[in-house]
Amino acid sequence: MKRIVFATNNAHKLAEVKAVLGSDYELVTLKEVDITEDIPETGATLDENASIKAQYVYSRTGLDCFADDTGLEVEALDGAPGVRSARYATDGHDFAANNRKLLRELEGKTNRKARFRTVISLIRNGVEQQVEGIVEGRIATQEAGCGGFGYDPLFVPEGKDVTFAEMSAEEKNAISHRGRAVAALVKIL
Ligand code: ITT
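All values derive from a computational prediction rather than experimental measurement. (Residues numbered from 1 in each chain as written. Predicted model: local features only at pLDDT ≥ 70, side-chain atom pairs only at ≥ 80, totals over all residues. Heavy atoms only, no water.)

A. Region of the structure containing the packing of helix H1 (residues 11-21) against helix H5 (residues 177-188). One can describe the packing of H1 onto H5 by two numbers: an axis separation of 10 Å at closest approach and a directional angle of 45°. Our classification of the angle between H1 and H5 gives oblique. Viewed along their axes, H1 and H5 form a crossing whose handedness is right-handed. Counting all contacts with H1, which are made through Lys13, Glu16, Val17, Val20 and Leu21, the residues of H5 involved are Arg178, Gly179, Val182 and Val186. (Axes fitted to C-alpha atoms, helices over the stretch in contact; angles between N-to-C directions. Helix = DSSP H or I, 4+ residues; strand = E, 2+ residues; numbered from the N terminus. Parallel < 35°, antiparallel > 145°, perpendicular 65-115°, else oblique. Left-handed = near helix turned anticlockwise from the far one by under 90°. Contact = heavy atoms within 4.5 Å.)

B. Examining unusual backbone geometry more closely. Cis geometry marks the peptide bond from Ala80 to Pro81; its omega dihedral reads -5°. Relative to the assigned elements, Pro81 resides in the loop between strand S3 (65-74) and helix H3 (95-105). Positive phi, close to 55°, is recorded for Asp78, a residue that is not glycine. In this structure, Asp78 sits in the loop between S3 and H3. Even without a glycine there, the phi angle at Asn125 is positive, about 50°. Looking at the element boundaries, Asn125 is found in the loop between strand S4 (113-124) and strand S5 (127-139). When its relative accessible area of 69% is taken as the criterion, Asn125 is described as exposed. (Buried < 20%, exposed > 50% of the residue type's maximum accessible area, 1.4 Å probe, protein only.)

C. Broad picture of the packing of aromatic side chains. Enumeration over the complete set of coordinates arrives at five aromatic pairs. For the ring pair Phe95 and Phe149, a centre distance of 6.0 Å and an interplane angle of 50° mean the geometry is tilted. Note that Phe95 is positioned in helix H3 and Phe149 in the loop between S5 and strand S6 (155-157), a separation of 54 residues in sequence. Through successive ring pairs, a cluster of aromatic residues spans Phe116, Phe155 and Phe164. Sitting over the face of the ring of Tyr88, Lys101 holds its NZ or CZ atom 4.4 Å from the ring centroid. (Phe/Tyr/Trp six-rings, centres within 6.5 Å; stacked < 30°, edge-to-face > 60°. Lys NZ or Arg CZ within 6 Å of the ring centre and 35° of its normal.)

D. Highlighting the pattern of salt bridges. Under the definition given, this model contains 14 salt bridges. A salt bridge links Asp68 to Lys13, with the shortest nitrogen-to-oxygen separation between them at 2.9 Å. With a gap of 55 residues between them, Asp68 in strand S3 and Lys13 in helix H1 connect regions that are remote in the sequence. For the pair Asp68 and Lys13, one class covers both residues: buried. Salt bridges sharing partners connect three or more residues here, namely Lys13, Glu16, Asp68, Asp152, Lys172 and Arg178. (Salt bridge = Lys/Arg side-chain N within 4 Å of Asp/Glu carboxyl O.)

Quick look at the structure:
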């Protein structure tokens, strides 16, 4: 089994990635390598932030590792919240406040097209590579479902009529931005 550090403090992400990677990999958490502080996400893009997180862990541990940075890009909002998805309404990670703000910003707008984009930075033997995964969809007019996390209760993927939060973990992973990015990661691992 190959050991690899996943640079995330988000337990939902960890569970999703574990399920897609399968049993060939032992995912090591930040806590297990004694990184307990928040890694500053100071980049202007998802690509930069994924790289910052992975490089931080590599410089602290010297171990093979990867990081995911994800954003929700809404067409009618010129790509917002994008790289600021975690901190859209408040200083951070208030999923309910973020969803309320998104609904407010889209009030009266007919174009509700959106996509999730995940960038994964992998550092293996000191060499960094990036892969990405995208899922197109739209923002619903009200929240539905209690699965998943973040913007899932508002995001309806293309070709479906339910939100990610109304799907099982397997259904979301099969078509999601993160599921696709991890599938691309597996190809290069
Ligand atoms: P780490 O940086 O510790 O990995 P994070 O929650 O800060 O965790 P991101 O910066 O990548 O992760 O994610 C930004 C936000 O985007 C996150 O807080 C959620 O609100 C949202 N998000 C990410 N992935 C999502 C998903 O699969 N479904 C719904 N919302 C998601």
